[in-house]
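Here's the letter readout for the chains.
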Amino acid sequence: MSKIIYTKVDEAPALASYSLLPIIQAFSKSSGIEFESRDISLAARIIANFPDKLKEEQKIADHLSQLGEMTQDPSTNIIKLPNVSASIPQLKAAIVELQGKGYDLPDFPDSPQNDQQQAIKERYSKVLGSAVNPVLREGNSDRRAPAAVKNFARNNPHSMGAWAADSATEVVHMDADDFYGSEQSKTFVSTNDLKISFVDETGNKTVLKQSIPVLAGEVIDATRMSAKSLQAFYADSMVKAKQNNVLLSLHLKATMMKVSDPIMFGFAVNVFFKDVIAKHGELFETLGVNFNNGLGDLYSKLDQCDAATRSQIETDIAITYESQADLAMVDSDKGITNLHVPSDVIIDASMPAMIRAGGKMWNKEGKTQDTLAMIPDRCYARVYKTMVEDCKQNGALDPVTMGSVANVGLMAQKAEEYGSHDKTFQASATGSIVVVDQNGEQVFEFAVEEGDIFRMCQTKDAPIRDWVKLAVNRARLSATPTIFWLDPSRAHDAELIKKIDLYLQDHDTTGLDIQTMTPVDATVFSVKRMREGLDTISVTGNVLRDYNTDLFPILEVGTSAKMLSIVPLMQGGGLFETGAGGSAPKHVQQLVAENHLRWDSLGEFMALSASLEHLALTQDNKKAQVLADTLEAATGKLLLENKSPARKSGQLDNRGSHFYLAMYWAQALAAQSDNAELRIEFNPIAQALSYSETTIIDELETAQGQAIDMGGYYLPNADVLNRVMRPSATLNSILNG
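Since we're looking at a predicted model, the values are computed, not measured.

K.L.:
Any details on the sheet that holds strand β8 (residues 205-214)? Residues and values, ideally.
P.N.:
The antiparallel open sheet is built from four strands, whose spatial order is β8-β7-β17-β18. On the outer flanks of this sheet lie β8 and β18 (442-448), each paired with one strand and no other. Ignoring strand direction, the axes of neighbouring strands in this sheet form an average angle of 15°. One ladder, built from six bridges, connects strand β17 (residues 431-436) with β18; its direction is antiparallel. Along β18, the bridge assignment pairs V435 with F444.

K.L.:
I'd like a rundown of the sheet that holds strand β6 (residues 184-187), residues and numbers included.
P.N.:
The antiparallel open sheet is built from four strands, whose spatial order is β6-β9-β19-β16. With one partner strand each, in any of the chains shown, β6 and β16 (424-426) form the two edges of the open sheet. On average, each strand axis in the sheet is inclined to that of its neighbour by 10°, with strand direction left out of account. In this structure, strand β9 (residues 219-225) lies alongside strand β19 (residues 453-459), joined through seven bridges in antiparallel fashion. Across the sheet, the residue bridging to I220 is Q458, located in β19.

K.L.:
Please set out helix α14 (residues 347-356) residue by residue, giving values where relevant.
P.N.:
Among the 10 residues that make up α14, seven are buried, leaving the element largely enclosed by the rest of the structure. Those residues of α14 that sit buried are I347, D348, S350, M351, P352, M354 and I355. Considering only its buried residues, α14 is in contact with β5 (170-172), β13 (360-362), β14 (368-374), α15 (378-394) and α19 (542-557).

K.L.:
Talk me through helix α7 (residues 147-155); I want residue IDs and the actual numbers.
P.N.:
If you check which residues of α7 are buried, you get V149, K150, F152 and A153. Buried positions in α7, seen along its axis, are confined to an arc of 160° and lie on one side of it. Among the exposed residues of α7, those pointing more than 90 degrees away from its buried face are A147 and N155. Buried-residue contacts for α7 involve α19, α21 (602-619) and α22 (622-640).

K.L.:
Which residues make up a negative patch on the surface, and what values do they have?
P.N.:
Side chains of E613, D629, E632 and D674 sit close together on the surface and give a patch of like negative charge. As for its position among the elements, D629 is in helix α22. Looking at D629, the relative accessible area reads 38%, which means it is partly exposed.

K.L.:
How would you explain the nonpolar core if you had to name every residue and give the values?
P.N.:
In a soluble, globular protein the nonpolar side chains are often hidden away together inside. Residues F27, F35, L612, F659, W665 and L689 are the most contacted members of the largest nonpolar core, which totals 71 residues. If you tally residues by element for this core, the top one is helix α23 (residues 654-671), at 10 residues. Contact partners of F659, with chain neighbours within four places excluded, come to L689, E693, I696, I697, L700 and L731. V246, A268, I317 and A325 belong to the second-largest nonpolar core, a separate cluster that totals 41 residues.

K.L.:
Go over the side chain of S728 with me, naming the residues and quoting the values.
P.N.:
Residue placement: S728 occurs in the loop between α26 (718-725) and α27 (729-736). A distance of 2.6 Å separates a polar atom in the side chain of S728 from a polar atom in the side chain of E699. Dropping the residues within four chain positions of it, S728 is found in contact with I696, E699 and L700.

K.L.:
An account of the environment of L534 is requested, with residue identities and associated values reported.
P.N.:
Looking at the secondary structure, you find L534 in the loop between α18 (519-531) and β22 (536-540). According to the relative accessible area criterion, L534 is partly exposed, its value standing at 34%. Once residues within four sequence positions are removed from consideration, L534 is found in contact with G403, S404 and R529.

K.L.:
Residues and numbers for the packing of helix α1 (residues 11-28) against helix α20 (residues 584-594), please.
P.N.:
Look at α1 against α20: their axes get within 7 Å of each other, and the N-to-C directions meet at 55°. Here α20 runs oblique to α1, going by the angle between their axes. When α1 is examined against α20, the residues E11, A12, P13 and L15 are found in contact with a partner set consisting of A584, P585, H587, V588 and L591. Along the lines of polarity and charge, the residues of the contact of α1 with α20 split into seven nonpolar, one polar and one charged.

K.L.:
Provide a residue-level description of the side chain of S2, including the pertinent values.
P.N.:
Summarising the element assignment, S2 is placed in strand β1 (residues 2-8). A distance of 3.0 Å separates a polar atom in the side chain of S2 from a polar atom in the side chain of Q619. In contact with S2, other than residues within four places in its own chain, are G32, I33, E34, L615, Q619 and N621.

How each quantity is defined
- Residues numbered from 1 in each chain as written.
- Predicted model: local features only at pLDDT ≥ 70, side-chain atom pairs only at ≥ 80, totals over all residues.
- Heavy atoms only, no water.
- Pairing = 2+ DSSP bridges.
- Helix = DSSP H or I, 4+ residues; strand = E, 2+ residues; numbered from the N terminus.
- Axes fitted to C-alpha atoms, helices over the stretch in contact; angles between N-to-C directions.
- Buried < 20%, exposed > 50% of the residue type's maximum accessible area, 1.4 Å probe, protein only.
- Contact = heavy atoms within 4.5 Å.
- Arc of directions from axis to C-beta.
- Patch = residues over 30% accessible without salt bridge, like charges linked within 9 Å, V, L, I, M, F, W, Y side chains within 5 Å.
- Areas by Shrake-Rupley, 256 points an atom, 1.4 Å probe, with all protein chains shown as cover.
- Salt bridge = Lys/Arg side-chain N within 4 Å of Asp/Glu carboxyl O.
- Lys, Arg positive; Asp, Glu negative; His and termini not counted.
- Charge placed at Lys NZ, Arg CZ, Asp CG, Glu CD.
- Core = buried A, V, L, I, M, F, W, Y, C linked by side-chain atoms within 4.5 Å.
- Polar contact = N/O pair within 3.5 Å; in protein donor to acceptor, adjacent residues only side chain to side chain.
- Parallel < 35°, antiparallel > 145°, perpendicular 65-115°, else oblique.
- Nonpolar A, V, L, I, M, F, W, Y, C, P; charged D, E, K, R; others polar.

Interpretation in functional terms is not warranted from these geometric data alone.
Printed below as a string of structure tokens:
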């Protein structure tokens with residue numbers, strides 16, 4: 001029996017699984033394929049990390065760690081759906097929900113007062129931010145738009161906002177004292193063990209990280225961002241936005257960079273609301289307000305104040321809004337600004353959306369307006385700056401004619417910033433942060449002041465070699481220019497360039513167009529080709545992989561959720577990712593209000609097809625290849641027939657889209673000639689689904705329009721969701737045989 005792991009996650013993708021997975025299981029069971037589930041949802045990860053006081057029936061095994069171990073098995077085949085990368089507010093909300101359901105879990109301590117609370121915070125840190133991806137991604141990434149998706153986008157172009165040549169929108173970044181300018185990097189020839197310490201002005205030493213094992217050939221980077229310079233940058237940008245009469249927006253990734261970016265976010269809130277904080281700072285400290293969690297953290301604690309105090313604080317906040325630049329809005333109707341919650345505005349979703357909208361974001365009146373986008377660190381800000389400048393000069397890109405920018409991304413074994421979380425620290429005072437090796441020899445030293453952010457990253461040699469090999473393979477298969485996005489002026493990139501130049505010699509690159517360019521030059525090169533209808537492959541480090549695989553797909557096909565993402569695991573297995581989940585919360589809200597789920601499972605369809613194909617190749621399962629080929633044909637027909645979910649209740653939703661996939665898939669299996677057993681098996685199923693189409697769609701649409709109670713957001717009731725997501729008795733009967 002062949003096995004595929006289908007992950008259980010959160011929000012809309014998890015809801016969709018209740019409808020889609022029974023279809024997948026029904027279609028694959030006769031081909032000797034078993035689908036198993038592993039729960040990596042936020043709730044499951046919290047429960048797995050705090051089993052101490054739970055009842056036996058409440059406990060959940062640490063499925064994430066199990067999956068991490070499975071990535072080392074050559075037979076592993078995992079379909080990974082998008083999970084919540086929790087910010088602290090999301091984590092706290094999940095804890096409260098679980099506590100309300102009877103789970104004996106400790107509160108999250110913002111400011112630990114003793115060793116016990118510190119230990120609790122450290123355990124919770126294991127589920128914060130991008131806790132899942134670094135564990136599962138034991139391979140590098142190959143991500144691109146499938147032909148069916150590209151053709152659909154060309155035939156059904158999504159809207160693109162017009163760019164005016166005199167647009168006041170711009171991207172601003174620091175020019176010194178950022179991570180880019182401060183970075184130091186070293187490649188270790190042999191194994192070593194590093195230690196990070198803080199040394200204050202009197203010479204007192206505090207060990208921040210006792211042991212960091214290093215492998216031979218590993219690239220180690222360290223850098224720091226000046227808190228003083230960061231705050232000055234914010235203050236100058238806020239004045240500039242006010243003078244230019246544009247919106248002010250901040251774009252970070254507090255989920256992936258779960259230690260450094262919330263701190264940077266907090267500084268922005270402190271600078272913007274400096275007068276309010278100066279006036280009420282002592283009270284805020286008493287309340288335990290942490291502006292690293294955004295202005296929303298203050299609002300969540302105002303109910304602890306008397307009415308007069310609360311009213312005064314709200315008045316002072318309103319005065320600040322009047323005197324400062326207008327903030328870009330997350331929700332104009334509810335007054336949720338760009339500075340409310342750090343996880344609400346994630347750069348790889350917010351910046352592409354702004355560029356697609358003609359350089360505009362939403363203002364407090366619910367209208368679009370030009371914006372000044374603050375992206376503090378130069379490492380990646382200049383990619384977005386270059387895109388904005390290109391659009392000002394050349395106008396919006398055209399989805400009908402534009403080419404593609406695929407990606408080969410370095411991410412295996414917690415490469416680069418992915419593994420920085422346990423090596424990121426905020427300086428508690430003026431002094432220096434020093435890194436020494438196992439012999440006590442100094443490797444890096446940074447002078448720091450109170451509030452400065454220190455960050456250290458690791459990139460192992462084996463993933464780099466694999467990354468280069470994958471890039472060469474993609475260049476050969478696609479006959480497309482393949483560009484390494486690396487800046488020789490950045491310390492880390494300079495070390496990678498040396499390795500790339502060396503490892504390319506291990507491959508036959510005759511006739512291949514493989515180049516290395518700075519991210520700015522690579523953006524110019526790639527966008528020029530896109531405008532000419534030509535394709536390019538971007539070969540990037542981990543963070544630019546994350547950013548590019550949202551930026552270009554959102555412009556090209558309207559969403560990054562429609563990209564094919566394959567991760568060839570370094571030990572021979574396969575990880576197949578299903579796309580982004582950034583809009584998933586809104587989909588859940590609509591399901592609860594109207595029993596209409598507009599989540600598009602196209603990413604799941606494509607990941608499943610690739611997973612089945614991998615299984616066929618690695619386990620010689622010929623039926624799996626037929627299933628893959630016919631599923632791909634069914635997906636293409638679904639797009640051609642426009643059977644993707646619609647936005648409004650009463651129209652086709654996720655469940656209806658799944659029905660049409662099943663019908664088209666069964667029809668393709670009944671029509672194929674590669675496997676007679678499958679043809680015979682699915683011929684009556686195809687006939688039954690086709691005959692019952694009107695009845696099934698009526699049953700699915702009749703279920704809509706009424707509010708539902710899921711029994712929880714982070715840990716919903718499974719029995720309820722089974723009923724909600726499978727409302728067609730006719731379809732269920734056909735699938736059950």
